[in-house]
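Coordinates in review
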Amino acid sequence: MFVATSLVLPGQIVVLVLCCLPGLGRAAREAHGGLSSGLGSRVLWAVNAGGGVHVGAHGIRYRADPLNGKIGVASDYGTRLPIMRAWPLDQLLYQTERWSDHSFGYSASLPGEGAYTLVLKFAEVYFLHSQAKVFDIRLNGMDAISNLDIFSRAGPSTAHDELLPFSVSGGRLFLGDREGDVPDGPSAAFNGKLHIEFVKGEYDNPKICAMYIIRGLPQDVPPLPPLPSTNESPQSRDGDKRIADDDEDEGEDEEEVEDEEVVEEEGNKKESTRQIAAPRLKRVTETTRRGVESGPRVPDPYASDNGSLTFPVLVAFGVFIPTLFCLCRL
C-alpha cells in the first residue's frame, strides 16, 4: 500500500512518503537484470564453472566451482568479450568456463522423485568457426546430447543454454519429458545423485560455463533475452530527414520528371528507327545465312582444252632423241 500526504505551500508542493509499495525494489531489479521472483528458491543446485560464488539473473545463487584445483582448467578468457543474448547479471557466468583435455563431470544430489530440468550454459569465446569444438554430454552414463557444437548453435560470443529434462521414479532416472505420471525415455539406475559428464570428442576439448537444476519442466525455465533486432528499414531510419528535406526535393523532382520526358521522347524516336530498320536487317540476315546468289555457274573454259598436254610430250621427245644419238656413238 502506498500512503502519502501532501502539503501545498506557495510556489511548492511537499510530498511526504510514509511507506513504499511492497515489491517496488524487486520490480526495479527485474527490469535491470532480468530477475524473476521466486525462481531462485526453486533451483536445487547451481555451479559457476571456472569461477567463484555468483548471484545471477532470476535470483539464482551459483556456488564456486567444486573442481577448482582438481581437474581441467578454469578459464576467464571470455572476460575480454561482451556476451550477446545474456542478462547483465549473467555476463560473468558465460565469460568464465572450465575445460579439460579429458572427459570430466560433476555430481549433484537430488531430493527424490519428480520432474527436473538441467540447464547448461555455454558461450564460444575462442573459436570463430564451427567444427572446432564438438563434444558429447551424458547423464548417469546415458547420452543426452551428441556432437554439441556451440558455435554452430549460437555463433561467437553469444549465450546458449541447453535444457535437459529428466525425471526420477521407482529408483530410476529417465531422460526426456514425462507424459503425465508415466516416465518416458531412456533410463538408468538412480542412487540419489545426478552425474553430468562432458565427454571429449574428436574436435578440441569439452567445456561448461555454468549450470543449474530446477524442479520443474523446461517451460518453467526463463528464456534468454532476444538478440538486438537489425531489421530496421532505411525508410524508418531516414524518415525524419526526408520529411525535413521534402521542400528542397520538390524542385529536383520536377527537373527529374522533365528529364525523364525528354529521355522518353528520344527513346521513342530510337524505337521507331529500330522498327524501320528491323525488316531490312532481317532481309540482309536471311540472305547472308543462305549465301550470296549471283546467277548460274559459268562453265570451266579449261575443261575441254587438251593443248596443255601436247607441250610436255614434245619436250620429252626433244630431249630423248639427242640423248639416244650420243649413246649410239659411244
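Now for a quick tour of the structure. Chains are numbered independently. Their residues run from 1 in the order of the written sequence. Only residues with pLDDT of at least 70 get local features here, since the model is predicted, and only at 80 or more are side-chain atom pairs given and counted; chain-wide, interface and lining totals rely on the full set of residues. With hydrogens and water excluded, all non-hydrogen atoms of the structure serve as input to the side-chain values.

**Here we look at the overall build of the chain**
Spelled out, the test is: In this description a helix means any DSSP run of H or I spanning at least four residues, a strand means any run of E spanning at least two, and both kinds are numbered starting from the N terminus. Exposure categories follow from relative accessible area, calculated using a 1.4 Å probe and restricted to protein chains: below 20% of the type maximum is buried, above 50% is exposed, and the middle band is partly exposed. For this analysis, residues touch if any pair of their heavy atoms sits within 4.5 Å. A 1.4 Å probe and the Shrake-Rupley method give the accessible areas. Residues count as covered only by the protein chains that appear here.
From N to C terminus, the chain includes seven helices and 17 strands. Taken across its 330 residues, the chain has 30% of its residues classed as buried. Intrachain contacts of the chain at a sequence separation of at least 6 include 65% that bridge at least 24 residues. By element, 56% of the accessible surface of the chain is carried by carbon and sulfur atoms, the whole surface being about 21600 Å².

**Quick notes on the sheet that holds strand β11 (residues 142-149)**
Where we set the bar: Between any two strands, at least two bridges found by DSSP are needed for them to pair. Lines fitted to the C-alpha atoms define the axes, with helices restricted to the stretch that makes contact. Angles between their N-to-C directions range from 0 to 180 degrees.
In space, the four strands of this open sheet follow the order β8-β15-β10-β11, with antiparallel pairing throughout. Each of the sheet's edge strands pairs with one partner strand only, and the pair in question is β8 (104-109) and β11. Each strand axis lies, on average, 20 degrees off the axis of its neighbour in the sheet, ignoring direction. As defined by bridge partners, β8 adjoins strand β15 (residues 193-203) across six bridges and the pair is classed as antiparallel. Along β15, the bridge assignment pairs serine 109 with lysine 193.

**So, the packing of aromatic side chains**
Note on aromatic pairs: each is described by the distance of the centres and the angle between the planes. To keep it simple, the criterion reads: In summary, the pairing rule links any two rings of Phe, Tyr or Trp, Trp by its six-membered ring, whose centres are within 6.5 Å, and it sorts them by plane angle into stacked for under 30 degrees, edge-to-face for over 60 and tilted for everything else.
Enumeration according to the criterion identifies eight aromatic pairs in this entry. A ring pair is formed by phenylalanine 104 and tyrosine 106, whose centres lie 6.2 Å apart and whose planes are at 70 degrees; its orientation type is edge-to-face. Just as phenylalanine 104 is buried, tyrosine 106 falls in that class too.

**Some details on the sheet that holds strand β16 (residues 207-208)**
Here three strands make up an open sheet; going across it, the order is β6-β7-β16 and the pairing antiparallel. Both outer strands of the open sheet, β6 (73-75) and β16, are each paired with one neighbouring strand and no more. Summarising the sheet, β6 and strand β7 (residues 97-99) pair through three bridges and their orientation is antiparallel. Across the sheet, the residue bridging to valine 73 is tryptophan 99, located in β7.

**Here's the deal with empty space enclosed by the protein**
Keep this limit in mind: Lining residues are those with an atom within 4 Å of a point, where the points come from a 1 Å grid over the protein atoms alone and group into cavities, where a 1.4 Å probe fits but cannot get out, or pockets, open sets with protein on both sides within 12 Å along at least five of seven lines. Grid points are joined across faces, edges and corners, and a volume is the space filled by probe spheres set on the points. In this classification, Asp, Glu, Lys and Arg are treated as charged, Ala, Val, Leu, Ile, Met, Phe, Trp, Tyr, Cys and Pro as nonpolar, and every other residue, Gly included, as polar.
Under the criterion given, the structure shown has one cavity of 30 Å³ or more. Looking at the largest cavity, its volume works out to about 30 Å³. Along the walls of the largest cavity sit His58, Trp87, Asp90, Lys121, Asp161, Tyr212, Pro222, Pro223 and Leu224, which together make up its complete lining. A breakdown of the residues in the lining of the largest cavity according to their chemical character gives five nonpolar, one polar and three charged.

**Quick word on the environment of arginine 215**
Applicable threshold: A 3.5 Å cut-off defines polar contacts: any pair of N or O atoms within that distance qualifies, except that in protein one atom must be a possible hydrogen donor and the other a possible acceptor, and neighbouring residues in sequence count only when both atoms are side-chain atoms.
Mapping arginine 215 onto the fold places it in strand β17 (residues 210-215). In this structure arginine 215 comes out as partly exposed when scored by relative accessible area, which is 35%. With residues up to four places along the chain from it excluded, the contact list for arginine 215 reads Arg42, Leu44, Pro111, Glu113, Gly114, Ala115 and Tyr116. At a separation of 3.4 Å, a polar atom in the side chain of arginine 215 contacts the main-chain carbonyl oxygen of glutamate 113.

**A look at unusual backbone geometry**
Despite not being glycine, arginine 85 shows a phi value in the positive range, around 60 degrees. Here arginine 85 shows up in the loop between β6 and α2 (91-95). Phi angles above zero are rare outside glycine, and asparagine 147 is one such case at about 55 degrees. Given the relative accessible area of 55%, asparagine 147 is considered exposed.

**Here we look at the side chain of serine 75**
One can find serine 75 in strand β6. By relative accessible area, which is 15% here, serine 75 ends up buried. A distance of 3.2 Å separates a polar atom in the side chain of serine 75 from the backbone nitrogen of tyrosine 77. In contact with serine 75, not counting residues within four places along its chain, are Gln95, Thr96, Glu97 and Trp99.

**Topic: the nonpolar core**
One broad rule of soluble globular proteins: the nonpolar side chains tend to lie buried together. Operational definition: Definition of nonpolar core: a set of buried residues of the types Ala, Val, Leu, Ile, Met, Phe, Trp, Tyr and Cys, connected through side-chain atoms within 4.5 Å.
Counting 32 residues, the largest nonpolar core has Tyr106, Phe198 and Met211 as its most contacted members. With four residues, strand β9 (residues 114-122) is the largest single contributor of residues to this core. Leave out the neighbours within four places in its chain, and methionine 211 touches Trp45, Ala46, Val47, Tyr62, Tyr106, Leu118, Val119, Leu120, Ile196 and Phe198. The next biggest cluster of nonpolar side chains, apart from the first, holds 11 residues, and it includes Tyr62, Leu93, Ala210 and Val221.

**Examining a nonpolar patch on the surface**
The test is simple: Patch rule: a residue counts if its relative accessible area is over 30% and it has no salt bridge; like charges are joined within 9 Å, and nonpolar side chains (Val, Leu, Ile, Met, Phe, Trp, Tyr) within 5 Å. Basic side-chain nitrogens of Lys or Arg form a salt bridge, by our definition, when they fall within 4 Å of a carboxyl oxygen of Asp or Glu.
Nonpolar side chains collect at one region of the surface, where Val313, Phe317, Phe320, Ile321 and Leu324 lie side by side and expose about 510 Å² of accessible area between them. Tracing the backbone through its elements, the reader meets phenylalanine 317 in helix α7 (residues 307-329). By relative accessible area, phenylalanine 317 is classed as exposed at 51%.

**Points about the environment of leucine 118**
With respect to the element layout, leucine 118 can be found in strand β9. A C-alpha to C-alpha distance of 9.6 Å links leucine 118 and glycine 216, two positions 98 residues apart in sequence. Those residues in contact with leucine 118 that sit more than four places away from it in its chain are Leu139, Glu162, Leu163, Leu164, Phe166, Ile196, Met211, Tyr212 and Ile213.

Read these as spatial facts, not as claims about activity.
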